[in-house]
Amino acid sequence: VAKDLALQMPTLSDRDLSVLDKGRTQHFLLHGKTGHLLTAERIDREQLCESVQQCVLRCEVVVKEEI
């Protein structure tokens with residue numbers, strides 16, 4: 001994610017980068033040192049999407065403005 005957003009690693013922690021999931025469960029998180037997007041826990045597709053054929057998880061990446 002950091003690479004896709006063209007953010008340099010030393011400033012990544014200063015920018016307070018976070019992932020917002022819709023719903024109650026936080027499915028994703030960002031690794032603070034690498035900027036990689038990780039799953040926060042095991043994702044059970046059958047439980048999450050039930051009978052939907054195409055399962056899509058939407059999230060937003062929020063980057064605070066540099067001061």
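Sequence order sets the numbering: in each chain, residues are counted from 1 along the sequence as written. Given that the model is predicted, a residue must reach a pLDDT of at least 70 before its local features are reported, and side-chain atom pairs must reach 80 or more before they are shown or counted; all residues, however, enter totals for whole chains, interfaces and linings. Side-chain numbers here rest on the full set of heavy atoms in the structure, without hydrogens or water.

S.K.: Before we move on, can you summarise the overall build of the chain with the specific residues and values?
M.R.: Regarding its fold elements, the chain presents two helices and four strands. Secondary structure elements are defined from DSSP: runs of H or I of at least 4 residues count as helices, runs of E of at least 2 residues count as strands, and each element is numbered from the N terminus. Mapped from its N terminus to its C terminus, the chain presents α and β elements in the order α-β-β-β-α-β. Across the 67 residues in the chain, those meeting the buried criterion constitute 18%. Only heavy atoms enter the contact rule, under which two residues are in contact if any of them lie within 4.5 Å. Put simply, 44% of the contacts in the chain that link residues at least 6 apart link residues at least 24 apart. Burial classification: accessible surface area is computed with a 1.4 Å probe over protein chains only, and a residue below 20% of its type maximum counts as buried, one above 50% as exposed, and the rest as partly exposed.

S.K.: Go over unusual backbone geometry with me, naming the residues and quoting the values.
M.R.: One non-glycine residue, glutamate 50, lies in positive phi territory at about 45°. Examined against the element boundaries, glutamate 50 turns out to sit in the loop between helix 2 (45-49) and strand 4 (59-62).

S.K.: Can you explain the confidence of the model for the chain? Please cite residues and give values.
M.R.: Residue-level confidence of the predictor is summarised by pLDDT, bounded by 0 at the bottom and 100 at the top. Across the chain, pLDDT averages 77, with 81% of residues at or above 70. At the low end of the mean pLDDT range in the chain sits helix 1 (residues 9-12), at 62; at the high end sits strand 3 (residues 37-39), at 87.

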